[in-house]
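The lines below spell out each chain.
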Amino acid sequence: MDLTSSVNLFFQIFVIPVLIGLLFELLVIVPMRVPIDESPVFLLYQDWALGLIFLKIWTRLVRL
């Protein structure tokens, strides 16, 4: 396995799901759960899991 495929695998498994989960959390979850006068706490492992779920759902819908 060369360096470019390792970097590509890292982005597909870790970076892209974290970004998708963080985007969903910022757009949907934070406005519903966090009051205006408080700052939200972002847990990257939860964002990664949420993003991985959405990524799997999205790829299945694209394959249909």
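Let us look at the structure shown here. Note that this is a predicted model, so its numbers are computed, not measured. (Residues numbered from 1 in each chain as written. Predicted model: local features only at pLDDT ≥ 70, side-chain atom pairs only at ≥ 80, totals over all residues. Heavy atoms only, no water.)

**Concerning the overall build of the protein chain**
Alright, step 1. Of regular secondary structure, the protein chain possesses two helices and zero strands.
Alright, step 2. Here the C-alpha atoms of the protein chain give a radius of gyration of 15 Å, more than 25% beyond the 11 Å that 2.2 N^0.38 yields for 64 residues.
Alright, step 3. For the protein chain, the spread of C-alpha atoms along the three principal axes comes to 50 × 30 × 15 Å.
Alright, step 4. A total of 64 residues make up the protein chain; the buried ones form 12% of that total.
Alright, step 5. Residue pairs at least 24 apart in sequence account for 62% of intrachain contacts in the protein chain once pairs closer than 6 positions are excluded.
Alright, step 6. Carbon and sulfur atoms provide 72% of the accessible area of the protein chain, an area that totals close to 5,500 Å².
Alright, step 7. The distance from the centre of the 4 positive side-chain charges to the centre of the 5 negative ones in the protein chain is 18 Å. (Helix = DSSP H or I, 4+ residues; strand = E, 2+ residues; numbered from the N terminus. Rg over C-alpha atoms; globule rule 2.2 N^0.38 Å. Buried < 20%, exposed > 50% of the residue type's maximum accessible area, 1.4 Å probe, protein only. Contact = heavy atoms within 4.5 Å. Areas by Shrake-Rupley, 256 points an atom, 1.4 Å probe, with all protein chains shown as cover. Lys, Arg positive; Asp, Glu negative; His and termini not counted. Charge placed at Lys NZ, Arg CZ, Asp CG, Glu CD.)

**A few points about the side chain of Asp47**
Alright, step 1. Examined against the element boundaries, Asp47 turns out to sit in helix α2 (residues 44-63).
Alright, step 2. One buried charged residue, Asp47, forms no salt bridge at all, with the nearest opposite charge on Arg33 at 7.7 Å.
Alright, step 3. Setting aside its immediate chain neighbours within four residues, Asp47 contacts Pro17, Val18, Gly21, Leu22, Glu25 and Phe42. (Salt bridge = Lys/Arg side-chain N within 4 Å of Asp/Glu carboxyl O.)

**With respect to α2**
An α-helical turn contains 3.6 residues, so a residue and the one three or four places further along point in the same direction.
Alright, step 1. Between its first and last C-alpha atoms α2 spans 28 Å; for 20 residues at 1.5 Å apiece the expected length is 28 Å, and the two agree.
Alright, step 2. Among the residues of α2, Asp47, Gly51 and Leu55 are the ones counted as buried. Around the axis of α2, the buried residues are gathered within 70 degrees of arc, so they sit on the same side. Exposed residues lying more than 90 degrees from the buried face of α2 are Tyr45, Ile53, Lys56, Arg60 and Arg63. (Expected span 1.5 Å × (residues − 1). Arc of directions from axis to C-beta.)

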